[in-house]
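A closer look at the structure
Chain residues, written in single-letter form:
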Amino acid sequence: MSLRDLAVLYLIAGLACAVAVYRGARPDGHGARRRAALSAALCVPLWPIWAPVALTAGRGESGGGPGGAAGEAAARVLGALREGVSACAGTAFEALLSREAASRIEAEVARAAARHAELDALLRQSGFDEGAAAARVAEIERGGGGAGARSLATAHLHLENIRRLRAMRDRDARALEELADLVQALRTQLVLARFAGSSVEGVGGIVSEVWARVEGLGAAIDAHGAGTDGTDGTVGPIAT
């Protein structure tokens with residue numbers, strides 16, 4: 001099978017995933033349809049990592065869970081990046097936000113959203129119920145069941161682990177939301193700079209902040225996976 005054949009198969013798989021993601025979102029309003037379309041569009045080039053994220057986030061949205069908010073934030077990043085790339089294409093600002101740079105940001109956001117979705121799904125399991133774990137600690141402290149100090153220490157460790165996992169999940173969600181707001185601000189600044197004739201230096205600050213946030217996402221993911229494969233997935237700033 002030639003490289004071209006593999007590329008065609010990859011594209012077909014991406015399109016199939018995009019259709020599944022859009023239908024799974026069940027968009028019932030203009031804003032929801034737009035978010036679903038953006039999420040589906042991201043599936044075409046990044047379906048191996050984005051399709052599971054989008055489908056999990058879609059289930060989180062229908063239940064009002066935090067997974068939906070993170071998926072929506074990732075879709076906002078995608079939409080703002082594409083509009084920003086279009087705004088600065090063929091101008092002096094293109095070096096600040098090229099298509100290649102946008103693709104790198106999208107891939108990092110997909111990784112962060114995937115980890116958030118994994119943590120969110122894990123914390124929905126009965127064995128990771130914070131309320132139940134806290135109740136068990138209280139029961140042991142009251143002397144219920146004749147449990148001793150070792151049982152109490154184990155119960156405390158279980159509760160602390162659950163709380164740390166929840167903190168990681170919530171931190172990822174906040175980071176994605178903040179990055180989405182920042183990328184949207186970058187898009188509007190690029191559009192303004194294009195039509196107002198602003199200098200490249202005037203846009204460089206917010207671009208640097210975007211890359212700092214993206215690097216933060218990558219660092220958190222790599223710290224989470226430290227000691228497994230030894231790879232470094234952080235993204236560096238673009239030379240301008």
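Preceding block: the structure.
Keep in mind that what you see is a predicted model, and the values were worked out from it rather than measured.

Digging into the overall build of the chain
Scanning the chain from N- to C-terminus turns up seven helices and zero strands. The order of α-helices and β-strands along the chain, N terminus first, is α-α-α-α-α-α-α. Split into buried and exposed, the 240 residues of the chain put 35% on the buried side. Surface exposure of the chain reaches about 12,700 Å², of which carbon and sulfur atoms provide 56%.

As for the pattern of salt bridges
This model, assessed by the stated rule, comprises 13 salt bridges. In this structure, Arg111 and Glu108 form a salt bridge, with 2.7 Å as the shortest nitrogen-oxygen distance. Residue Arg111 and its partner Glu108 are located together in helix H4 (residues 99–123), separated by three residues, close to a single helical turn. A residue is classified by how much of its surface remains accessible, and Glu108, at 4% relative accessible area, is buried. Here Arg166 and Glu130 are joined by a salt bridge, their closest N and O atoms 2.9 Å apart. In this pair, Arg166 is assigned in helix H6 (residues 149–196) and Glu130 in helix H5 (residues 130–141), connecting sequence segments 36 residues apart. What makes Arg166 partly exposed here is its relative accessible area of 30%. Put simply, Asp120, Arg124, Arg169 and Asp170 are held in one network by salt bridges that share partners.

Regarding the nonpolar core
Of all hydrophobic cores here, the largest spans 33 residues; its most connected members are Ile105 and Val203. When contributions to this core are tallied by element, the ones reaching two or more residues are helix H3 (66–88), H4, H6 and helix H7 (201–224). If we ignore the near neighbours within four places in the chain, the residues touching Ile105 are Val77, Leu81, Leu97, Val210, Trp211 and Val214. Core analysis: the next-biggest nonpolar cluster, separate from the first, contains ten residues, Val137, Ile140, Ala155 and Met168 among them.

Quick look at the environment of Val214
With respect to the helices and strands, Val214 occurs in helix H7. Residue Val214 is classed as buried on the basis of its relative accessible area, which comes to 0%.

Side note on the side chain of Arg76
When you line up the elements, Arg76 lands in helix H3. There is a polar contact of 3.0 Å between the side chain of Arg76 and the side chain of Glu177. Among residues more than four places away in sequence, those in contact with Arg76 are Glu177, Ala180, Asp181 and Gln184.

Some details on the environment of Val207
As for its position among the elements, Val207 is in helix H7. Of the residues examined, Val207 reaches a relative accessible area of 9% and is grouped as buried. On a C-alpha basis, the gap between Val207 and Leu190 in space is 9.9 Å, while along the polypeptide they are 17 residues apart. Discounting chain neighbours no more than four positions away, the residues touching Val207 are Leu96 and Leu186.

With respect to the packing of H5 against H6
For the pair H5 and H6, the least separation of the axes is 9 Å and the interaxial angle reads 160 degrees. As the angle between them shows, H5 and H6 are arranged roughly antiparallel. The element H5 and its partner H6 pack so that their crossing is left-handed. Where H5 abuts H6, its residues Glu130, Ala133, Ala134, Arg136, Val137, Ile140 and Glu141 lie against Ser151, Leu152, Ala155, His156, His158, Leu159, Ile162, Arg163 and Arg166. A breakdown of the residues in the contact of H5 with H6 according to their chemical character gives eight nonpolar, three polar and five charged.

Quick notes on the rules
Residues numbered from 1 in each chain as written. Predicted model: local features only at pLDDT ≥ 70, side-chain atom pairs only at ≥ 80, totals over all residues. Heavy atoms only, no water. Helix = DSSP H or I, 4+ residues; strand = E, 2+ residues; numbered from the N terminus. Buried < 20%, exposed > 50% of the residue type's maximum accessible area, 1.4 Å probe, protein only. Areas by Shrake-Rupley, 256 points an atom, 1.4 Å probe, with all protein chains shown as cover. Salt bridge = Lys/Arg side-chain N within 4 Å of Asp/Glu carboxyl O. Core = buried A, V, L, I, M, F, W, Y, C linked by side-chain atoms within 4.5 Å. Contact = heavy atoms within 4.5 Å. Polar contact = N/O pair within 3.5 Å; in protein donor to acceptor, adjacent residues only side chain to side chain. Axes fitted to C-alpha atoms, helices over the stretch in contact; angles between N-to-C directions. Parallel < 35°, antiparallel > 145°, perpendicular 65-115°, else oblique. Left-handed = near helix turned anticlockwise from the far one by under 90°. Nonpolar A, V, L, I, M, F, W, Y, C, P; charged D, E, K, R; others polar.

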